[in-house]
Every structure is written in structure tokens, then in C-alpha cells.
Amino acid sequence: SPLARFVKYFFCLVIFGPLVAITVFRFMPPPVTPLMLIRSAEGAGIDYRWQSLSQISKHLARAVIAAEDGRFCEHWGVDLTEAGNAVDEWLSGERLRGASTLSMQTTKNVLLWPERNLFRKALEIWLTPQLELLWSKRRILEVYLNVAEMGPGIYGAEAAARKYFGKPASRLTPNEAALIAAILPNPRRWSPAAPTDYLLGRAEEISARAAKIDAYTTCIG
């Protein structure tokens, strides 16, 4: 029946479509992401300038790992320790936080949409181990640093470095890198070029953690 064929094709698309995209983007830069298209439809531009990881400051790589996923080199995509901590905090009365790893955020950025709901989160958890299986940690970090939203219409390290500091991403200082990492939870509200006191304090904490981190050398090289 037409309905049966539709269901069959739909599940084939859901199962194999992302796998094909993960395989292709292991070698090729994503030309665009769902979030870029959504923001563009809302009126923002798309400033997206792909750079290889070797052309992005190691200070920014360390700062992003320190800010977003301190166990990046230890987990297989889903950080069960951090997820358990988030649940414990929620049970104690605090607001439930996402506990998303860099791998999960990369999956969401490249393959999914930004809306927060259980279905999208389930897809994210389903697809992330596949991403980890087919990509190296270095590739995951490289793609994340290139496609993450870092301001209104600004995507990735190169566009952010040029916009906020007038320099290429390869020349970012530790302080500049920490400021960019500090805005990631809310990049459309905060700006590294005009940091609030809260943002400055957050950047200082990130700098302190980044100075101690050895994740870059242990799994990125």
C-alpha cells in the first residue's frame, strides 16, 4: 500500500540518510548546516569560513574543550558521568541541563535541528556513537570548531575571529579564545568584543581550566 511504502522509505531515510552524511562529512566540509538555513530564513546572514584544525589556534581548541566537554577524550560520544551528574542535580531541585558533549553538539549541528524536544534528543543520542565510530576525535573537534554558532549569522572559529578581533583564527590569543568559548551557551546574546562582567568571569574560569588541560595532546595530536 502507499502508506506501507511511505513508512518503509521514511525509516530507510532515517536510518541510512544520516549514516551517508556522516560518512561523506568525514572527508568533506559540510557545505551548510540545518541551523545555518534556519537562522538565514529568520533574517541572519551566513558567515561561514572553513579552516582545517591546523589553521585554528590551539588556544581555542583547549578553551572549547575546557568550557564544553572536559572529558572529550575519555567518552565515546555520550558522557555518562556528566549525564548522571545532571540527573542528580535535577533530582535535588536544580534546573535540568543538557549535559551535551562536543560529539553530541556536532551531531546536532551537522545533522539535526536546534529545537529542544525528546525526539530530537533521542536522535542525537542514537547518531552520536555512529559519529564517534566513523570519525576521529580530531575530526569531531575540527567540524565543531567550524560549524558552531558563535554569534548572529557567525559560524565557526574563522568567522568569529575575523568578526570580533579582526584576525584569523590561527592567531587567537588564550584570552580571546576563552572569550569566544565563553559565549557558546548563548552566542546570539553575548559578544566577545563587548563582554559583560559575567562573561569576563566565565572566560577567566575557562582560561584557568584550559591551561591545565592536556586533552588536546592526548587525543587530538
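This text goes with the structure placed above it.
Each value, and the rule that gives it
Residues numbered from 1 in each chain as written. Predicted model: local features only at pLDDT ≥ 70, side-chain atom pairs only at ≥ 80, totals over all residues. Heavy atoms only, no water. Helix = DSSP H or I, 4+ residues; strand = E, 2+ residues; numbered from the N terminus. Buried < 20%, exposed > 50% of the residue type's maximum accessible area, 1.4 Å probe, protein only. Contact = heavy atoms within 4.5 Å. Areas by Shrake-Rupley, 256 points an atom, 1.4 Å probe, with all protein chains shown as cover. Disulfide = S-S within 2.5 Å. Pairing = 2+ DSSP bridges. Phe/Tyr/Trp six-rings, centres within 6.5 Å; stacked < 30°, edge-to-face > 60°. Lys NZ or Arg CZ within 6 Å of the ring centre and 35° of its normal. Core = buried A, V, L, I, M, F, W, Y, C linked by side-chain atoms within 4.5 Å. Salt bridge = Lys/Arg side-chain N within 4 Å of Asp/Glu carboxyl O. Polar contact = N/O pair within 3.5 Å; in protein donor to acceptor, adjacent residues only side chain to side chain. Axes fitted to C-alpha atoms, helices over the stretch in contact; angles between N-to-C directions. Parallel < 35°, antiparallel > 145°, perpendicular 65-115°, else oblique. Left-handed = near helix turned anticlockwise from the far one by under 90°. Nonpolar A, V, L, I, M, F, W, Y, C, P; charged D, E, K, R; others polar.

Glancing now at the overall build of the protein. Within the protein, the secondary structure is distributed over 11 helices and three strands. Each helix (α) and strand (β) of the protein, taken in turn from the N terminus, gives the series α-α-β-α-α-α-α-α-β-β-α-α-α-α. Looking at the protein residue by residue over its 221 residues, the buried ones come to 44%. In the protein, the proportion of contacts linking residues at least 24 apart, taken out of those at least 6 apart, comes to 67%. Counting every atom, the protein has about 11600 Å² of accessible surface; 59% of that belongs to carbon and sulfur.

Per the counting criterion, the structure on display carries one disulfide. In this model Cys73 forms its disulfide with Cys219; the gap between the sulfur atoms is 1.8 Å. Its S-S torsion of approximately -60° makes the covalent link between Cys73 and Cys219 left-handed. One end of the pair, Cys73, is in the loop between helix 3 (58–68) and helix 4 (80–91); the other, Cys219, is in helix 11 (residues 215–220), with 146 residues separating them in the sequence.

The three strands are arranged 1-3-2 in an open sheet whose pairing can be described as mixed. On the outer flanks of this sheet lie strand 1 (47–48) and strand 2 (149–151), each paired with one strand and no other. Relative to strand 3 (residues 154–155), strand 1 runs parallel, the two being bridged by two bridges. Bridge pairing links Asp47 to Ile154 in strand 3.

This part takes up helix 7 (residues 137–147). Of all 11 residues making up helix 7, 10 are buried, and the element is well covered by its neighbours. Within helix 7 the residues assigned to the buried category are Lys137, Arg139, Ile140, Leu141, Glu142, Val143, Tyr144, Leu145, Asn146 and Val147.

Under the definition given, this model contains two aromatic pairs. Measuring from ring centre to ring centre gives 5.6 Å for Trp190 and Tyr198, while their planes differ by 45°; the resulting arrangement is tilted. Among the residues examined, Trp190 registers a relative accessible area of 15% and is labelled buried. Stacked on the ring of Trp135, the Lys or Arg Arg139 has its end atom at 5.9 Å from the ring centre.

Of all hydrophobic cores here, the largest spans 52 residues; its most connected members are Leu60, Val64, Leu141, Leu145 and Ile206. No other element matches the seven residues that helix 3 contributes to this core.

A separate point is the pattern of salt bridges. Following the criterion strictly, the structure yields 11 salt bridges and no others. Between Glu142 and Arg139 there is a salt bridge whose closest N-O contact spans 2.7 Å. Residue Glu142 and its partner Arg139 are located together in helix 7, separated by three residues, close to a single helical turn. Note on Glu142: relative accessible area 12%, which makes it buried. In this structure, a network of salt bridges that share partners links the residues Arg39, Glu42, Glu149 and Arg188.

Classification of Arg139 by relative accessible area gives buried; the value is 10%. A polar side-chain atom of Arg139 sits 2.7 Å from the main-chain carbonyl oxygen of Phe25.

Here we come to the packing of helix 3 against helix 9 (residues 174–182). It is the contact of helix 3 with helix 9, at a shortest axis distance of 8 Å, that shows an interaxial angle of 40°. Judged on the interaxial angle alone, helix 9 and helix 3 are oblique. Of the two elements, helix 3 crosses helix 9, and the hand of that crossing is right-handed. Contacts between helix 3 and helix 9 involve His59, Leu60, Ala63, Val64 and Ala67 from the first element and Pro174, Ala177, Ala178, Ile180 and Ala181 from the second. Looking at side-chain class alone, the contact of helix 3 with helix 9 contains nine nonpolar, one polar and no charged residues.

Function cannot be read off these values alone, since they describe shape.
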